[in-house]
Amino acid sequence: MRGRQTVRDMVLSMAVIGVVVAGIYTLVPHDEKADPIKAIDYRVELLTAQRAAPYGVAAPQGLAGGWKPTSVSYDRSEGHAWHLGFLDPDGEYVAVEQSTSASGKYIRKVSQQAKETGKTRQVAGKTWHLWEGPKYDALVLKAEGATTVVTGTAGPERLAQMAAALESGKPSGPDGKPSAPPSKQPGARTTPSPAATP
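Since we're looking at a predicted model, the values are computed, not measured. (Residues numbered from 1 in each chain as written. Predicted model: local features only at pLDDT ≥ 70, side-chain atom pairs only at ≥ 80, totals over all residues. Heavy atoms only, no water.)

## Points about the pairing of strand β2 (residues 68–75)
Link 1 in the chain: Of all 8 residues in β2, 7 are buried; the element is thus mostly enclosed.
Link 2 in the chain: Looking at chain direction, β2 and strand β3 (residues 81–87) are connected through 7 bridges and run antiparallel. By the bridge assignment, D75 is partnered in β3 with A81. (Buried < 20%, exposed > 50% of the residue type's maximum accessible area, 1.4 Å probe, protein only. Helix = DSSP H or I, 4+ residues; strand = E, 2+ residues; numbered from the N terminus. Pairing = 2+ DSSP bridges.)

## A look at the packing of aromatic side chains
Link 1 in the chain: For the coordinates displayed, the defined rule picks out 3 aromatic pairs.
Link 2 in the chain: Note on W67 and F86: the rings are 6.4 Å apart at their centroids and 75 degrees apart in plane angle, and the pair reads as edge-to-face. With W67 in the loop between β1 (57–60) and β2 and F86 in strand β3, the pair connects residues that are 19 residues apart, well separated along the chain.
Link 3 in the chain: Judged by centre distance (6.1 Å) and plane angle (45 degrees), the ring pair of Y93 and Y136 falls under tilted. Taken together, the residues span a long stretch of sequence, with Y93 in strand β4 (residues 93–99) and Y136 in the loop between β6 (126–132) and β7 (137–143) at a distance of 43 residues. For the pair formed by Y93 and Y136, the shared burial category is buried.
Link 4 in the chain: Taken together, the ring pairs connect Y42, W67 and F86 into an aromatic cluster. (Phe/Tyr/Trp six-rings, centres within 6.5 Å; stacked < 30°, edge-to-face > 60°.)

## Considering the pattern of salt bridges
Link 1 in the chain: Under the criterion given, the structure shown has 4 salt bridges.
Link 2 in the chain: With a shortest N-O distance of 2.5 Å, D41 and R43 are connected by a salt bridge.
Link 3 in the chain: Among the ionic pairs, E157 bridges to R121, the shortest N-O distance being 3.1 Å. Of this pair, E157 sits in helix α4 (residues 156–165) while R121 sits in strand β5 (residues 115–123); the two residues are 36 residues apart in sequence, bridging distant segments of the chain.
Link 4 in the chain: E157 gets classed as partly exposed once you look at its relative accessible area, which sits at 49%.
Link 5 in the chain: The network of salt bridges with common partners includes D88, D90 and R158. (Salt bridge = Lys/Arg side-chain N within 4 Å of Asp/Glu carboxyl O.)

## Regarding the layout of surface pockets
Link 1 in the chain: As a volume, the second largest pocket reaches approximately 250 Å³.
Link 2 in the chain: Lining the second largest pocket are 18 residues, and of these Q98, K126, L141, T148 and S168 lie nearest its centre.
Link 3 in the chain: Broken down by secondary-structure element, the contributors of at least two residues to the lining of the second largest pocket are β6, β7, β8 (146–152), α4 and β9 (166–169).
Link 4 in the chain: With 3 residues, β9 is the single largest residue contributor to the lining of the second largest pocket.
Link 5 in the chain: For the lining of the second largest pocket, a count of residues per class yields 11 nonpolar, 4 polar and 3 charged. (1 Å grid on protein atoms, 1.4 Å probe; cavity = no way out; pocket = protein on both sides within 12 Å on 5 of 7 lines; lining within 4 Å. Points joined across faces, edges and corners; volume = space filled by probe spheres on them. Nonpolar A, V, L, I, M, F, W, Y, C, P; charged D, E, K, R; others polar.)

## Re the sheet that holds β5
Link 1 in the chain: Here we have 7 strands laid out as an open sheet, ordered β2-β3-β4-β8-β7-β6-β5, and antiparallel in their pairing. With one partner strand each, in any of the chains shown, β2 and β5 form the two edges of the open sheet. Looking at each pair of strands side by side, their axes are set apart by 20 degrees on average, direction ignored. (Axes fitted to C-alpha atoms, helices over the stretch in contact; angles between N-to-C directions.)

Laid out in structure tokens, this is it:
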């Protein structure tokens, strides 16, 4: 009898705890539709990268509504690697990646091991190479000084939209000429990217 009583008491205690937890949950305000990923302002990091990089750092201009910037970084020690991550209007991940590193290894790294298809696509008057992979697809543009990759979980049309919106440049000095890179330019801060867990 004592054993049955102990089990009954445990069950009753668990039931009481469950009721209390349920009550607290209903009283605490929460929005299940709220987006946990906050949009970031990457203007300072873009300016930093444009001043430090030996190539024209790319960022989108005039994207339609619904695109949300979520991550940014610039790493001089890794081939002047520039990263800018977005969520597209469908909630898929799209990243702009640039670097002076050896192109083949770099492209495979940022595209999550995508492979070149041998196909090309004309976007905004430029010839981009198509890469496809099990996780990300990519559009790749090899230019003098740097490789630009637009990659992510988004479909080909979204990748093309981002590629078409990209504008490359360096900040201008008072005389309208590109400013010389500072002798010691720290890397920009890095915001965690959803690329790791798209």
